[in-house]
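# Coordinate analysis (summary)
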Amino acid sequence: MSVAVTIETIEKRFENFPALRGVSLDIQPGELVALLGPSGSGKTTLLRLIAGLEQADRGRVLFGDTDTHDLSLRERRIGFVFQHYALFKTMNVADNIAFGPRSRPHRERASESEIRKRVSELLELVQLQGLEKRYPSQLSGGQRQRVALARALAIEPRVLLLDEPFGALDARVRKDLRGWLRELHGRTGHTTVFVTHDQEEALELADRVAILNDGRIEQVGSADDVYDHPATPFVCEFLGEANKLPVKVVGSQAFFGDRPVLGGIQQNQGGAASLYVRPQHLRIVDETPLALPGTVEHLRRNGPLRRAEVAVEGLKKRLDVDLASQVAPAIGERVRLRITHGNLFAAA
Amino acid sequence: MSDAAQPFVAAPARRSSARGESLGVRIALIAVSLAFLLLFLALPLAAVFVEAGAKGWQAYRAAVTEPDAQAAIRLTLLVAAIAVPFNIVVGLAAAWAIAKFEFRGKNLLISLIDLPFSVSPVISGLVFVLLFGAQGYFGPWLQAHDIKIVFALPGLILATIFVTFPFVARELIPHMESLGTADEEAALTLGASPWRVFFRVTLPNVKWSLFYGVLLCNARAMGEFGAVAVVSGKIRGLTNTMPLHIEILYNEYMGAAAFAVASLLAGLALVTLALKTFLEWRFGDEIAASRQH
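These figures come from a predicted structure and were not determined experimentally.

### Structural notes on the overall build of chain B
- Each helix and strand in chain B was counted, giving 13 helices and 0 strands.
- Relative to the 2.2 N^0.38 estimate, which gives 19 Å for 293 residues, the radius of gyration of chain B is 25 Å and therefore markedly larger than a compact globule would have.
- Seen through its principal axes, chain B has C-alpha atoms that stretch 90 × 60 × 30 Å.
- For chain B, the proportion of its 293 residues judged to be buried stands at 30%.
- Long-range contacts, defined here as pairs at least 24 residues apart, represent 74% of the contacts in chain B between residues at least 6 apart.

See the structure below:
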């Protein structure tokens, strides 16, 4: 019952602002895809276009083989979960969830008892049994979001769309609901697209992540793909953290100034380039040919790891280096850094 | 966080609030407000009831059941019964369009809605006379078709509609705007038809604002004097609403009778106020919740 979603070269402008500039994406049936990007990247616009809440200026969206342009909002059969829930305040939980099924035209509508049964099943699915008579104002944020999800699922949607579903919740609830959504998706198997600006969320939940920037898709791939093999400098900088080194590629080595810092480069690049190195791929070593000398200027805690900020001659910004537990340099100490892995992009 | 852990601090001699006002200032402000309310609202209202009963119960009953008075009461109720529902429908439509959509001329529409408030009621009435009176723009056409607007019921209704139109719309617009369109979008994606969305989602969300708007609209519709006075021609028994009838009685030195009829209008004002207060008391939580996003 879940359907594939095909997005073909969608363009959308708001007055003079180009929100989407030729975006294409193929989503498989049953897949859980995240649209990740900074504010203004166009991800919410894309989601609303799939939903039918906006119309594209050019391009089309297909559900399976059907062009959604010819479908009304009801015929699309999409379930939409809003960031601020949009629960109907004047109706209790049961009526909220039953709203979709009750909105069907008379001929297609299920009987009242069937609808009530479905509401109970859904409340069980989202683990909110017994709260039928409550009103949205009497629920916590996490509960409201689960009711919103149950309401969207009640119409047996072909595609489930979530707009920053956990954005309005605090960190602990967010983490819990994340795992819960993953589990729910595993059980129900709907084609699901969700928008988020939280990379951790996207990388943890999604089968594939589409990274948007300034109205374009920079890269689509699994969490490992986009994190370990970023296709563009933007993706590299957006996901996780990355130190940036301007280098020159000669032969199979990258040079920072007159020092070779990375070898084994296969791409036929040559010339000026940017080398992105994540903090965990910099190691303090004693002496090796491909090492970068620097001075430790600051030490701090970064979650579970300790981090050193190392100043290197010729670089404006300090390098962020994740420290292994046994390594404990002092401030002011001169160290040598080796790059264990980097991403190279030709300078723009 | 127990109080026992706090060091003992002597209580300040004069309690002042975090905002910095002293008790004296607060008392003074409240006293001034109360004095104003008493002098300009409560006292006149009480005077109406006192004067109404000045000549005793029989005189009161006679004043209120007299044929012209009865006709005036009926006319007032009829005009309100037509003008208020009309304003509800049009006010709802205007508020809905303004709050949920963007379109060219929206600001103009908003200004037009406020127009009756900025125009003197006498001018409002005069406008209709200029348009539909015997010497008005449409005068000859109306006379040719034997349609009477000015100095007849239609004129009264038109003038009342004009003057009371903003109440419903102005109550609804800010509320609807603050609610945004998310609920409506949710309902549409769930497969509801646009009418269902309006009656099951949009309208219930604003039912309290709508009710307040209707209360205000009704109170004004029944009490309107200026615009109606110009348009009605004051034909006794035919085109006199209660406010006009009261004025006639008073001008003929029948003070007690005038106050007797006036007490009915004053009674309406009190009932409106009591209803509003009761509903706020009874459904306060629901009302507050419906205003949240």
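### Structural notes on the overall build of chain A
- Counting its regular elements, chain A contains 9 helices and 20 strands.
- Here the C-alpha coordinates of chain A stretch approximately 80 × 45 × 35 Å along the principal axes.
- Burial status across chain A gives 39% buried among its 348 residues.
- Taking as baseline every contact in chain A between residues at least 6 positions apart, the subset at least 24 positions apart corresponds to 67%.

### Brief notes about the sheet that holds strand E1 (residues 5-14) of chain A
Residues and elements named next belong to chain A.
- The 4 strands are arranged E2-E1-E4-E5 in an open sheet whose pairing can be described as antiparallel. Pairing within the sheet leaves two strands with one partner each, and these edge strands are strand E2 (17-27) and strand E5 (66-67).
- For E1 and E2, the ladder comprises 8 bridges, and the chain directions are antiparallel. Each residue of the ladder has a partner; that of valine 5, found in E2, is isoleucine 27.
- Packed on one face of the sheet, helix H1 (residues 43-51) meets E1, E2 and strand E4 (58-63) and runs near 120° to E1.

### Considerations on helix H5 (residues 121-132) of chain B
- Here H5(B) spans 17 Å end to end across 12 residues, near enough to the 16 Å set by a 1.5 Å rise per residue.
- Buried residues belonging to H5(B) abut helix H4 (106-118), helix H6 (139-144), helix H7 (153-179) and helix H11 (226-232) of chain B.

### Looking at the environment of B:Ala69
Residues and elements named next belong to chain B.
- Tracing the sequence through the fold places alanine 69 in helix H3 (residues 67-100).
- A count of 22 C-beta atoms within 10 Å places alanine 69 in the buried class.
- Here the alpha-carbon distance between alanine 69 and histidine 245, two residues 176 residues apart in the chain, equals 6.9 Å.

### A short note on the sheet that holds strand E20 (residues 343-346) of chain A
Residues and elements named next belong to chain A.
- The strand order across the open sheet built from 5 strands is E13-E12-E11-E14-E20, with neighbouring strands paired in antiparallel fashion. Sheet topology places strand E13 (259-262) and E20 at the edges, where each strand pairs with a single neighbour. For this sheet the average axis-to-axis angle between neighbouring strands, irrespective of direction, equals 45°.
- In this sheet, strand E14 (residues 271-277) lies alongside strand E11 (residues 243-250) in antiparallel orientation, the contact comprising 7 bridges. When the sheet's bridge partners are listed, lysine 244 is paired in E14 with tyrosine 276.

### Digging into H7(B)
Residue and element names in this part refer to chain B.
- With 27 residues, H7 should reach 39 Å at 1.5 Å per residue; the first-to-last C-alpha distance of 39 Å fits that figure.
- At threonine 164, H7 shows its maximal bend, which comes to roughly 40°, and the proline proline 166 appears one to four places after that position.
- Among the 27 residues of H7, 20 are classified as buried, and the element is accordingly described as predominantly covered.

### A look at the nonpolar core
All names here are of chain A.
- Counting residues in each nonpolar core, the largest one holds 101 residues, and the members touching the most others are Ala34, Ile50, Leu161 and Ala210.
- Sorting elements by how many residues they give to this core places helix H5 (residues 141-153) first, with 6 residues.
- Non-local contacts of leucine 161, meaning those with residues more than four positions away in its chain, are made with Leu47, Ile50, Ala51, Ile78, Gly79, Phe80 and Val193.

### A word on the interface of chain B and chain A
- Opposite the 17 residues of chain B that make contact, chain A presents 18 residues.
- Contributions of two or more residues to the side of chain B that touches chain A are made by helix H8 (182-189), helix H9 (194-205) and helix H13 (255-291) of chain B.
- Per-element tally for the side of chain B that touches chain A: the top contributor is H8(B), with 7 residues.
- Counted by class, the side of chain B that touches chain A contains 9 nonpolar, 5 polar and 3 charged residues.

### Topic: the confidence of the model for chain B
- Of the residues in chain B, 92% have a pLDDT of 70 or more, and the chain-wide mean is 87.
- Scoring the predicted complex yields pTM 0.82 and, for the interface, ipTM 0.84.

### Some words on the confidence of the model for chain A
- Summing up the model confidence of chain A, the mean pLDDT is 90 and the portion of residues at 70 or higher is 99%.
- Within chain A, the element-level pLDDT minimum falls on E13(A), averaging 84, and the maximum on strand E3 (residues 32-36) of chain A, averaging 96.

### Section: the pairing of strand E8 (residues 191-196) of chain A
All names here are of chain A.
- A large share of E8 lies buried, amounting to 6 of its 6 residues.
- Residues of E8 alternate between two faces, with Thr191, Val193 and Val195 on one and Thr192, Phe194 and Thr196 on the opposite face, all of them buried.
- Two elements, strand E7 (residues 159-163) and E8, share 5 bridges in a ladder whose sense is parallel. Paired with valine 159 across the strands is threonine 191, a residue of E8.

Quick notes on the rules
Residues numbered from 1 in each chain as written. Chains lettered and ligands numbered in written order. Predicted model: local features only at pLDDT ≥ 70, side-chain atom pairs only at ≥ 80, totals over all residues. Helix = DSSP H or I, 4+ residues; strand = E, 2+ residues; numbered from the N terminus. Rg over C-alpha atoms; globule rule 2.2 N^0.38 Å. Buried ≥ 20, exposed ≤ 12 C-beta atoms within 10 Å, placed from the backbone. Contact = placed C-beta atoms within 7 Å. Pairing = 2+ DSSP bridges. Axes fitted to C-alpha atoms, helices over the stretch in contact; angles between N-to-C directions. Expected span 1.5 Å × (residues − 1). Bend = angle between axes of the 7 residues up to and from the residue. Core = buried A, V, L, I, M, F, W, Y, C linked by C-beta atoms within 7 Å. Nonpolar A, V, L, I, M, F, W, Y, C, P; charged D, E, K, R; others polar. pLDDT = per-residue confidence, 0-100.

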